[in-house]
Amino acid sequence: MSSKQEIASSLSEIWGKLNTRWTDEGSNAFYQQYMAKMIEIAEDFEEACFNLSVGAADLSKKLELIEHDIT
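Residues numbered from 1 in each chain as written. Predicted model: local features only at pLDDT ≥ 70, side-chain atom pairs only at ≥ 80, totals over all residues. Heavy atoms only, no water.

On to the packing of helix α1 (residues 3–19) against helix α2 (residues 25–70), then. One way to put it is that α1 packs onto α2 with a least axis distance of 10 Å and a crossing angle of 150°. For the element pair α1 / α2, the angle class is roughly antiparallel. Here the hand of the crossing between α1 and α2 comes out right-handed. Along the contact surface, α1 presents S3, K4, I7, A8, L11, W15 and N19, while α2 presents S27, F30, Y31, M35, M38, I39, A42, E43 and E46. Taken together, the residues of the contact of α1 with α2 break down into ten nonpolar, three polar and three charged. (Axes fitted to C-alpha atoms, helices over the stretch in contact; angles between N-to-C directions. Helix = DSSP H or I, 4+ residues; strand = E, 2+ residues; numbered from the N terminus. Parallel < 35°, antiparallel > 145°, perpendicular 65-115°, else oblique. Left-handed = near helix turned anticlockwise from the far one by under 90°. Contact = heavy atoms within 4.5 Å. Nonpolar A, V, L, I, M, F, W, Y, C, P; charged D, E, K, R; others polar.)

Here is the structure:
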C-alpha cells in the first residue's frame, strides 16, 4: 500500500470512529468540506518531507566533498 493510500485509509478509519458518535447533519457537512482537504494536506506534507530528505542528503554529500577537499 502506498503512503498516499495509507494516509487516506487512516483518515477514513478515524472518520469512521468519529462518525459513530457524531451523526447529525454537521458531520456530513464536515466530511464533505474537510476530509478531502485533510488528505490533500497530509499528502503534501509527506511529499515536502520527502523532498526535504532528498535535499538534506544532497547537502550532506556536498559537505562531505568540501570537507574532503579541506583535509
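What follows deals with α1. Residues spaced three or four apart along an α-helix point in a common direction, a consequence of the helix completing one turn every 3.6 residues. Between its first and last C-alpha atoms α1 spans 24 Å; for 17 residues at 1.5 Å apiece the expected length is 24 Å, and the two agree. Each element contacted by the buried residues of α1 is listed here: α2. (Expected span 1.5 Å × (residues − 1).)

Before going further, it helps to spend a moment on the environment of S27. Structurally, S27 can be placed in helix α2. The spatial distance from the C-alpha of S27 to the C-alpha of G55 is 40 Å, given a sequence separation of 28 residues. In contact with S27, not counting residues within four places along its chain, are W15, N19 and W22.

In this section: the nonpolar core. In summary, soluble globular proteins display a tendency toward joint burial of nonpolar side chains. Residues I7, L11, W15, M35 and I39 constitute the largest nonpolar core, which totals five residues. For this core, the secondary-structure elements that each account for two or more residues are α1 and α2. Element by element, the count of residues in this core is highest for α1, at three residues. Among residues more than four places away in sequence, those in contact with I7 are I39, A42, E43 and E46. (Core = buried A, V, L, I, M, F, W, Y, C linked by side-chain atoms within 4.5 Å. Buried < 20%, exposed > 50% of the residue type's maximum accessible area, 1.4 Å probe, protein only.)

Taken as a whole and judged by the stated rule, the model has two salt bridges. Across the pair K17 and E13 runs a salt bridge whose closest N-O atoms are separated by 3.5 Å. Here the residue K17 and the residue E13 both occupy positions in helix α1, the gap between them amounting to four residues, near one helical turn. Looking at K17, the relative accessible area reads 51%, which means it is exposed. (Salt bridge = Lys/Arg side-chain N within 4 Å of Asp/Glu carboxyl O.)

This part takes up the packing of aromatic side chains. To describe a pair of aromatic rings, you give the distance between the ring centres and the angle between the ring planes. Counting across every chain of the model gives five aromatic pairs. Relative to Y34, the ring of F30 lies with its centre 5.2 Å away and its plane at 40°, an arrangement referred to as tilted. Of this pair, F30 and Y34 are both found in helix α2, four residues apart, which corresponds to roughly one turn of the helix. For F30, a relative accessible area of 25% translates into the label partly exposed. Accessibility expressed as a relative area gives 38% for Y34, which makes it partly exposed. (Phe/Tyr/Trp six-rings, centres within 6.5 Å; stacked < 30°, edge-to-face > 60°.)

That's the geometry; what it means functionally is another story.
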